[in-house]
Structures are given as structure tokens and as C-alpha cells.
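The chain contents come next:
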Amino acid sequence: MKNFRKITGAFVLIFLLAGGFIFAQDKAINANQLPKTAKNFLASHFKGIAVGSAIEDREIYGVDEYQVYLANGMKVEFDSSGNWKEVDGKHQKLPYGFIPVSIRNYAAKNFPNTHIVKIEKERWSYKAELSNGLDLEFDRKGNFKRIDD
């Protein structure tokens, strides 16, 4: 009887894990299906640049994130509420309006003749990639921490 319970428990666990993989999927959506916050962000900072495609990354519990690919090749990732998480210019200069002023100023002062081509907002920090290939790390308030290797 104990072996039967163990085997049954193992099957239930496998079923739940497999179900998670089945229900976790990416789904192409129309740009107007993005959260209002994401649509406002795109309209403010990427005005005049069309959305090439938008992907909704769904998990068992709901939407995890949105990935938006712009017609100019840039990629913007949003969390489930539509707040930006990462903007990747694909080696193009990013619009600076949404980047914290302290990060913009640090990069301009210490690395003239470069520009920010990618920025990632994490829970406790920011990471910014410059056009010369350097990766800079900042704390949540935008204070410089270090150059990342």
C-alpha cells in the first residue's frame, strides 16, 4: 500500500509539472491589448515608431510579462502591469526620457561620445549598456556602483 501511495504521488507530481509547461506559453497579441501603462510608455518614448509585434508571456497564474518588438528593431519588456523592465536598442541609442537622470548624467560625464543602448531595471538596481560595450551597474536610486565585466 505504501508503494502504491508513492507511485500515485509521483504521478500526481509529474502531472502537475507537465501541466505547468503546457499552460505556460507565449501568445502573440495586438499592441492595443497591452496594459495601458505599457501603451502610454510606448506613445511617450517611442512616438512615431510602430509596434512590429507584441508577445504575452503567460504562466499558470496569469500574464508574467510582455515583450514588444518595434519596427526599428528595438525590444521593450514590460511586467504584467505594463511597467518597463528592459529596453534593448539593439545597438541603437535609446530615448533618454525614461532613464533616471542620475544614470544619464553619469554616463554622459564619464563616458563622453557614447550613449546608452540597453537598460534593465531590476528589483534593487539598474544595468545600463553603453555603445562602447561597457556594462554599468547602478543602485535603485541611480547611484553608480561598478562596471560589470
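Calculation notes
- Residues numbered from 1 in each chain as written.
- Predicted model: local features only at pLDDT ≥ 70, side-chain atom pairs only at ≥ 80, totals over all residues.
- Heavy atoms only, no water.
- Phe/Tyr/Trp six-rings, centres within 6.5 Å; stacked < 30°, edge-to-face > 60°.
- Helix = DSSP H or I, 4+ residues; strand = E, 2+ residues; numbered from the N terminus.
- Buried < 20%, exposed > 50% of the residue type's maximum accessible area, 1.4 Å probe, protein only.
- Polar contact = N/O pair within 3.5 Å; in protein donor to acceptor, adjacent residues only side chain to side chain.
- Contact = heavy atoms within 4.5 Å.

Engineer: What should I look at first to understand the packing of aromatic side chains in this one?
Structural biologist: Here a ring pair, both rings aromatic, is described through the centre-centre distance and the interplanar angle of the planes. Here the structure, examined in full by the defined rule, presents ten aromatic pairs. Seen from their ring centres, Phe41 and Trp84 are 6.5 Å apart, and the 25° between their planes marks the pair as stacked. Of this pair, Phe41 sits in helix H2 (residues 36–45) while Trp84 sits in strand S5 (residues 84–88), placing them 43 residues apart in sequence. An identical accessibility class is assigned to Phe41 and Trp84; each is buried. An aromatic cluster of three or more residues is present, and its members are Phe41, Phe46, Phe78, Trp84, Phe98 and Tyr126.

Engineer: Sorry, what's going on with unusual backbone geometry here?
Structural biologist: When glycine is set aside, most residues are seen to have a negative phi, and most peptide bonds are trans. Phi angles above zero are rare outside glycine, and Lys90 is one such case at about 50°. Inspection of the secondary structure assignment puts Lys90 in the loop between S5 and helix H3 (101–110). With phi around 75°, His91 is a residue other than glycine that occupies positive phi space. Relative to the helices and strands, His91 resides in the loop between S5 and H3.

Engineer: Is there a simple way to explain the side chain of Glu65 in this structure?
Structural biologist: Its place among the elements puts Glu65 in strand S3 (residues 62–70). Judged by its relative accessible area of 10%, Glu65 falls in the buried class. Within the local environment of Glu65, its side chain forms a polar contact with the side chain of Gln67, the two groups lying 3.0 Å apart. Setting aside residues up to four positions removed in sequence, Glu65 forms contacts with Ile55, Glu56, Asp57, Glu77, Phe78, Asp79, Ser80 and Lys85.

Engineer: Teacher, can you tell me more about the environment of Phe78 here?
Structural biologist: Along the chain, the position of Phe78 falls in strand S4 (residues 75–79). Given the relative accessible area of 0%, Phe78 is considered buried. In contact with Phe78, other than residues within four places in its own chain, are Ala38, Phe41, Leu42, Glu65, Tyr66, Val68, Asn83, Trp84 and Lys85.

Engineer: Would you mind going over the side chain of Lys75 with me for this structure?
Structural biologist: Inspection of the secondary structure puts Lys75 in strand S4. Since its relative accessible area comes to 16%, Lys75 is described here as buried. At 3.1 Å, the side chain of Lys75 and the side chain of Glu77 are in polar contact. When residues no more than four places from it in sequence are discounted, the contact partners of Lys75 are Gln67, Val68, Tyr69, Glu86, Val87, Asp88 and Lys90.

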